[in-house]
Amino acid sequence: SESTMNEKICQNLQKTKVSEISANASHKPLSVLGIGKTIHVIATELTQWSSTLPKENKDRLWKIRNKLLPCLLRLMEHAVTVLHFSTIIDEYHDSDAAVVNEVLSIATIAATPFIGDGKTSSGSFGIGALLQWILGESIGCRAKENSYGILSLAYTLQSCSISPMTCAGDFETKGHKEYATLLSDSVASNDFLTRPVIDWSVQSAHVDASWTDGVSGVGSRTAMALLLTICKASCIITGSPAEEKEFTVGTETNSEKVPLLLRKIAHNIGTNVLAATARAQFFGRLEFPSTSPGQPTGTISTKTNSIGPFMPMVTRIGTVSKKSSSASKNDEKSYSDQPIRMNAAVIIFCLVYRDIDKLTSCGKAFSYTLPVMLSLMDDVRSINQALGALMLLSFVEASSRIENNEIPSFIENSSSIITKSLENAIQLSSRQDATFLTTICLAQSEWLRLLFNWIPLASKSSLRPTTVHAWMSKAASDNLVAVRKQVQMGGKDKNDELIVGALVAGIDPLLADLASLPNAATIEIARVGLSAILPLIGWRGMSMESRSIQIAALAGLLSLLSGAYPIMTHHGTKIMTEVLILLDRSDKDAIFMRDNDQADKSSDKLRNDELSTESVVSVALHAAAATLVICDKGADTVLSHVQKHGTLQYKRVSQIRNVGEK
């Protein structure tokens, strides 16, 4: 039967490969090239078997995932061990170093998709986990800047143009203790403001690995053992210092160990080597050895007349029969038909930049990342677009840490196409899952911010400041229009999280950067901004999602007030009206919750609702004061009317005027 045949194939592979390698190792050490070819063959088998999993025959599926693929991984681990001892027994020449690094990179690429982010034994990985790897220990945590996550409301409030958090100390001295308490350093204990606005635990934010059995976990465990062996071999072969605890199972989980191992391997064998191998694997062009005599090390060699899995993107007229044309067509996008290629590339490219400290090395790795990144961002599937955006975000984070005196040429040459790809991706994903849109918006705002910060270095560059400013304005305007369309839908389809994600990750950072430009550069998008933000300030609801939208909208309003101040006097009446309505409604909600049944006082939900309502009141007070100062007469007229007719608590009016005077 077919299942019996598969078992025999597995046994023959194990018997042939192990006996061949062991016999050669015991009598005459195998050449590095020979071992490398064996590892390459096993890697190819892993890719092919993982893409031909049966959907209906569960018995055969179980045997492939729990016997065949783990057996191939063990064979590869044995081959890596033989490679290690071969370099010790045999005379190890410097000319073999490039080949050894390439072999280890192939083995690393093969093992990575079976491990994923290490949080489960299913081999899957989540967008949130990759964001943690890229940005820090917690989502968006940057020790060099602050302790707030980049996707938290606290970070948004701290980064907006007229930040309420920077004024907390002055409010304390003026007697506004309630207001100061919520916006002072104690905000760190405010879970509502410091939590990420997006729930990354949802299933849609995870990429599955169908070739791994999450119940038994044998594939994940075998791949983890292989990765440990690769890391140990790379340290010993390259002479890199390493501690024994790096190769043993300690108290840390696999989710903590996986990124450390991959970064250590990349450091030992070379970031560019690993990046080049990941790109070749992604496009189905992985060959071994990748360099031919006379070619510089690190360049990918391709067969000019090859077809099939090695060159799936090229089909020469007259060289392919009708019988094989359908197979070639199916392989046109290898990462779609063989998702194991995409999983490996995404995980590798989200980590390779972490330890790069030179711009030249970063640029070379980026040249390998760019075609993979653009292929994913131009895909029709929103999750692939988000994964491509993660790769860009990884590069941006690394580049922002490197000091340089001019804009790199590779940034200058690719800036236009990357900006356009991000714009198209946001348009396609604006009605999809909130995690996808938030990820792409975050990558876009961080990418444009990187260009924005490098503008002073553009004296000798063709990338002009006006071009970057125009990109930022267009991105902010397009995102505001997309959010306004969501507002017109109301609360349908649970779009609260989508709106707040777009605000916190994309719109608010762009508005804050534009507000810092001279000559009130935000005037051009002021009307579009108000048409989208004011309805969000009046967003109905008492849930934490609704409160998050209100605070994120207020942060955007503060930046808009600062960046377009010359024309804001014409809009003072409607701005102050919306802010005061929110303030009055929040005060009444607080009274309602305070007078609620005592039995519910201890519930976490009620406490969270109270905390979020208090935060909205605090930020709304600051926004009303800023509106009073910038919009002058129109805002003062509304406030005086409210004070005269007593439609708002008198203490709130007094607080707004006192803060405005400050």
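In this report, we go over the structure that sits alongside the text. Note that this is a predicted model, so its numbers are computed, not measured.

1. Describing the overall build of the protein
Helix and strand counts for the protein stand at 27 helices and two strands. Of all 662 residues assigned to the protein, the portion counted as buried reaches 56%. Once local pairs closer than 6 in sequence are excluded, the contacts in the protein between residues at least 24 apart make up 76%. Summed over its atoms, the accessible surface of the protein is roughly 28,500 Å², and 52% of this surface lies on carbon and sulfur atoms.

2. Looking at the pattern of salt bridges
Summed over all chains, the structure comprises nine salt bridges. Between Lys474 and Asp478 there is a salt bridge, with its nearest N and O atoms 2.9 Å apart. Taken together, the residues span about one helical turn, with Lys474 and Asp478 both in helix H20 (residues 465-488) at a distance of four residues. The partner of Lys588 in a salt bridge is Asp584, and the shortest N-O contact between them spans 3.2 Å.

3. Brief notes about the nonpolar core
Counting 204 residues, the largest nonpolar core has Phe395, Trp447 and Met568 as its most contacted members. If sequence neighbours within four positions are ignored, Trp447 has contacts with Leu392, Phe395, Val396, Ile411, Ser415, Ile418, Thr419 and Leu422.

4. Brief notes about the environment of Gly219
Relative to the helices and strands, Gly219 resides in helix H10 (residues 218-238). For Gly219, a relative accessible area of 3% corresponds to the buried category. The spatial distance from the C-alpha of Gly219 to the C-alpha of Arg74 is 9.8 Å, given a sequence separation of 145 residues. Setting aside chain neighbours within four positions, we find Gly219 in contact with Pro70, Leu73, Phe114 and Thr212.

5. Here's the deal with helix H4 (residues 97-115)
Between its terminal C-alpha atoms H4 stretches 27 Å, which fits the 27 Å expected from 19 residues at 1.5 Å a residue. Counting buried positions along H4 yields 17 of 19 residues, so the element is predominantly enclosed. Gly116 lies just past H4 and shows a positive phi near 70 degrees.

6. Structural notes on the packing of H4 against helix H15 (residues 339-349)
Running from amino to carboxyl end, H4 crosses H15 at an angle of 100 degrees, the nearest separation of the two axes being 8 Å. Here H4 is positioned roughly perpendicular relative to H15, judged by the angle of their axes. In this structure, H4 contributes Thr108, Ile109, Thr112, Pro113 and Phe114 to the contact, and H15 contributes Ile340, Asn343, Ala344, Ile347 and Ile348. A breakdown of the residues in the contact of H4 with H15 according to their chemical character gives seven nonpolar, three polar and no charged.

How each quantity is defined
- Residues numbered from 1 in each chain as written.
- Predicted model: local features only at pLDDT ≥ 70, side-chain atom pairs only at ≥ 80, totals over all residues.
- Heavy atoms only, no water.
- Helix = DSSP H or I, 4+ residues; strand = E, 2+ residues; numbered from the N terminus.
- Buried < 20%, exposed > 50% of the residue type's maximum accessible area, 1.4 Å probe, protein only.
- Contact = heavy atoms within 4.5 Å.
- Areas by Shrake-Rupley, 256 points an atom, 1.4 Å probe, with all protein chains shown as cover.
- Salt bridge = Lys/Arg side-chain N within 4 Å of Asp/Glu carboxyl O.
- Core = buried A, V, L, I, M, F, W, Y, C linked by side-chain atoms within 4.5 Å.
- Expected span 1.5 Å × (residues − 1).
- Axes fitted to C-alpha atoms, helices over the stretch in contact; angles between N-to-C directions.
- Parallel < 35°, antiparallel > 145°, perpendicular 65-115°, else oblique.
- Nonpolar A, V, L, I, M, F, W, Y, C, P; charged D, E, K, R; others polar.

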